[in-house]
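# Observations on chain architecture
Given next are the chains, with one letter for each unit.
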Amino acid sequence: MRATTIHAPFDMRVEDVPDPVVRNPGDAVVRVLRSCICGSDLWAYRGESARQPGQRIGHEFLGIVEETGAEVSGVRRGDLVVAPFMWSDGVCDYCREGLTTSCDHGGFWGSVGSDGGQGEAVRVPFADGTLVALPAEAASDDRLLAALLTLSDVMGTGHHAALGAGARAGATVAVVGDGAVGLCGVLAAKRLGADRIIALGRHEARTDIARRFGATDVVAERGDAAVEAVRELTRGQGAHAVVEAVGTEQSMRTAVSITRDGGAIGFVGVPHGSGTGLDLSVMFDRNIALRGGVAPVRTYIPELLPDVLDGTIDPSPVFDLTVGLEGVPDGYKAMDERTALKVMVAN
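In this report, the structure presented in the accompanying data block is examined. Because the structure is a prediction, the values reported are computed rather than measured.

The subject of this paragraph is the sheet that holds strand β1 (residues 2–8). In space, the 3 strands of this open sheet follow the order β2-β1-β4, with antiparallel pairing throughout. Each edge of the open sheet is held by one strand with a lone partner, namely β2 (11–16) and β4 (55–56). Two elements, β1 and β2, share 6 bridges in a ladder whose sense is antiparallel. Note on β2: the bridge partner recorded for Ile6 is Met12.

Chemically, a disulfide is nothing more than a covalent bond linking the sulfur atoms of two cysteines. If you walk through the whole model with that rule in mind, you get 0 disulfides. Cys95 provides the cysteine sulfur closest to Cys92, a residue in no disulfide bond, and the two sulfurs are 3.7 Å apart. With relative accessibility at 8%, the residue Cys92 sits in the buried group.

All told, the structure shown has 19 salt bridges when counted by the stated rule. Across the salt bridge formed by Asp27 and Arg123, the nearest N and O atoms sit 2.8 Å from each other. Taken together, the positions of Asp27 in the loop between β2 and β3 (28–36) and Arg123 in strand β9 (residues 121–124) put the pair 96 residues apart, joining distant regions of the chain. Residue class for Arg123 comes out buried when judged on its relative accessible area of 15%. One network of salt bridges, with partners in common, ties together Arg2, Asp16 and Glu326.

Across its 13 residues, helix α11 (residues 297–309) extends 17 Å between first and last C-alpha, which sits within 8% of the 18 Å expected from 1.5 Å per residue. Along α11, the sharpest change in direction is near 45° and occurs at Glu303; proline Pro306 comes one to four residues later. Listed in full, the buried residues belonging to α11 are Val297, Arg298, Tyr300, Ile301, Leu304, Leu305, Asp307 and Val308. Along its buried surface, α11 packs onto β6 (80–83), α3 (127–130), β10 (132–134), α4 (142–149), α5 (154–165) and α6 (180–191). Positive backbone phi, approximately 85°, marks Gly311, located one or two places after α11.

Let's shift gears to a negative patch on the surface. Taken together, the side chains of Glu221, Asp224, Glu228 and Glu232 define an acidic patch exposed on the protein surface. Its location among the elements puts Asp224 in helix α8 (residues 223–233). When its relative accessible area of 70% is taken as the criterion, Asp224 is described as exposed.

Our focus in this paragraph is the side chain of Ser316. Turning to its location among the elements, Ser316 is positioned in the loop between α11 and β17 (321–323). When its relative accessible area of 10% is taken as the criterion, Ser316 is described as buried. At 2.7 Å, the side chain of Ser316 and the side chain of Asp314 are in polar contact. Apart from the residues within four sequence positions on either side, Ser316 is in contact with Arg143, Ala146 and Ala147.

What counts as what
- Residues numbered from 1 in each chain as written.
- Predicted model: local features only at pLDDT ≥ 70, side-chain atom pairs only at ≥ 80, totals over all residues.
- Heavy atoms only, no water.
- Pairing = 2+ DSSP bridges.
- Helix = DSSP H or I, 4+ residues; strand = E, 2+ residues; numbered from the N terminus.
- Disulfide = S-S within 2.5 Å.
- Buried < 20%, exposed > 50% of the residue type's maximum accessible area, 1.4 Å probe, protein only.
- Salt bridge = Lys/Arg side-chain N within 4 Å of Asp/Glu carboxyl O.
- Expected span 1.5 Å × (residues − 1).
- Bend = angle between axes of the 7 residues up to and from the residue.
- Contact = heavy atoms within 4.5 Å.
- Patch = residues over 30% accessible without salt bridge, like charges linked within 9 Å, V, L, I, M, F, W, Y side chains within 5 Å.
- Areas by Shrake-Rupley, 256 points an atom, 1.4 Å probe, with all protein chains shown as cover.
- Lys, Arg positive; Asp, Glu negative; His and termini not counted.
- Charge placed at Lys NZ, Arg CZ, Asp CG, Glu CD.
- Polar contact = N/O pair within 3.5 Å; in protein donor to acceptor, adjacent residues only side chain to side chain.

Below is the structure:
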């Protein structure tokens, strides 16, 4: 079959690789209908995150079950399913507590020795604990497929950040970052009932989506100017809840500075390139809480799925470019050059 591999910085290839097969009784093989490129994939693309030459890549996908192992009972051949960005067994202590990303037997798509989502098919370990069945009729609805694909990562991650920040009715929420996760954080905050949502971003096409998703205000400044602008919008106090969806030192400093005393930051931006910029004495003095981390999206899919299916939320606009599998290298280039927000791969 064909699948995306990474060989060196900026060297993405679509190559022939062995077809996935059921190896263990709990496995399933899924034929991929839709996958996508994540902002976190760009760190490998740019050489800032190590990969072995020829390693598979991609961790967001949905598709059709082609084959199952003898012990799989939750899905069957022909089912349309979505996979969270990590597999998990569904039965360990962490999974039962909802922290599927810490599963005792879990793993990450595209890790050494595993299939990546940016290919024609994927072997899914622990299929019963990992995969979530979707309505069969969604397979013929391109917009709905795009919305459902966000449940594999960015919508669940934005939801995780909004929960960690304490987004709720009556709260003012600020979102640092205008990438797909930040935009889904806006949508999640709106879904949770936030009264006011301030989106921090400089790219008009993206902030237009933020407004469509529920942002009431947009702050285009960065650094100290952004902090001043948010405080002007909040009577000098800052936001009750802040979503940090970037992962740089500057973004975390901004998040701390715009959080209201007694507020909280939900951080989901993958830390990269620097320290975190956290000053614990400032957070201590101002009673600022910090929650977040790797989002256990498998836990959130059953909660978010009904709202996607009935149109209460529609995260599909985060995809602004679609390519075929052979066009994945061009998709990486487009995201790296910021001519695309998030690229969907249609098989």
